[in-house]
Amino acid sequence: MQQMPDHSLLVKRYKLCPEYPTGLSVKYQFNNRCKPEQQAGSYNVKENRSFIQIEGKNYRCSRIVYYLATGIDPGIYEVDHIDQDGSNNSIQNLRLANRSQNAANMKLKSSNTTGFKGVSWQKSRGLFRCTITVNGKSKQLGNHICPIRLAYQYNIAAKEQYKDFAVINELSKLGCK
């Protein structure tokens, strides 16, 4: 990961502002583009992420907010959005995570056809397959005709592997024989 700007520079220029998607506002006018109390940085709707340019380098706002609020440089860690909403950069919604933990805390992908995380259709076998990825390695958990059973199996494995970072499938209103 890229080196963070000096913490004292961040404290001098910016303040935490959870009502803005970037989570930051400008304290004083230090160049022609910024004005006091305005949002610092910009929100990219397509990427659901905020960015800020400091001293000619681009940074994710979540990393800046975390560093500004805690004084802890995220370093090699990623800054995870607990609620999976990249526009919520309030410090209560941010935590440090390794790559595997951050990947575990992701919403269901739009390309998913089963509606369940960790479950996919295996056309060649005529069955659904359940897999989980931990530290970059995929582990097969089983095959079955019922995707709901596999989603339940995924939930158990995800809670065990990812703990607080696990995003589990909602199964409370479903049934399967």
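See the structure printed just above.
Values in this document were obtained by computation on a predicted structure and should not be read as measured data. (Residues numbered from 1 in each chain as written. Predicted model: local features only at pLDDT ≥ 70, side-chain atom pairs only at ≥ 80, totals over all residues. Heavy atoms only, no water.)

Undergrad: What is the right way to read the environment of Tyr152 from this model?
TA: On the secondary structure map, Tyr152 appears in helix α4 (residues 147-162). Given a relative accessible area of 53%, Tyr152 falls into the exposed group. Placed 17 residues apart in sequence, Tyr152 and Asn169 show a C-alpha to C-alpha distance of 7.4 Å. (Helix = DSSP H or I, 4+ residues; strand = E, 2+ residues; numbered from the N terminus. Buried < 20%, exposed > 50% of the residue type's maximum accessible area, 1.4 Å probe, protein only.)

Undergrad: What is the right way to read the packing of aromatic side chains from this model?
TA: Aromatic ring pairs are described here by two measures, namely the spacing of the ring centres and the angle between the planes. On inspection of all chains with the given rule, the structure shows three aromatic pairs. Their ring planes at 85 degrees and their centres at 5.8 Å tell us that Tyr14 and Phe30 sit as a pair that is edge-to-face. Taken as a pair, Tyr14 in strand β1 (residues 14-16) and Phe30 in the loop between β2 (24-26) and β3 (42-44) lie far apart in primary sequence, 16 residues in all. Under the relative-accessibility criterion, Tyr14 is labelled buried at 3%. Judged by centre distance (4.8 Å) and plane angle (65 degrees), the rings of Trp121 and Phe128 are edge-to-face. Residue Trp121 is classed as partly exposed on the basis of its relative accessible area of 44%. Residue classification places Phe128 among the buried positions, given a relative accessible area of 17%. Counting every residue linked through ring pairs, the aromatic cluster contains Tyr14, Tyr28 and Phe30. Positioned above the aromatic ring of Phe30 is the side chain of Arg13, whose terminal nitrogen or guanidinium carbon lies 4.1 Å from the ring centre. Seen from the ring of Phe165, Arg95 lies directly overhead, with NZ or CZ sitting 3.8 Å from the centre. (Phe/Tyr/Trp six-rings, centres within 6.5 Å; stacked < 30°, edge-to-face > 60°. Lys NZ or Arg CZ within 6 Å of the ring centre and 35° of its normal.)

Undergrad: Please explain the sheet that holds strand β8 (residues 119-122) as it appears in this structure.
TA: Hydrogen bonds between backbone atoms are what pair the strands of a sheet, whose relative direction is either parallel or antiparallel. Read from one edge to the other, the open sheet built from three strands follows the order β8-β9-β10, with strand pairing classed as antiparallel. Each edge of the open sheet is held by one strand with a lone partner, namely β8 and β10 (137-144). The mean angle between the axes of side-by-side strands here comes to 35 degrees, regardless of whether they run parallel or antiparallel. Relative to β10, strand β9 (residues 127-134) runs antiparallel, the two being bridged by seven bridges. Directly across from Thr131, in β10, lies its bridge partner Gln140. Here α4 sits on the sheet in contact with β8, β9 and β10, set at roughly 10 degrees to β9. (Pairing = 2+ DSSP bridges. Axes fitted to C-alpha atoms, helices over the stretch in contact; angles between N-to-C directions. Contact = heavy atoms within 4.5 Å.)

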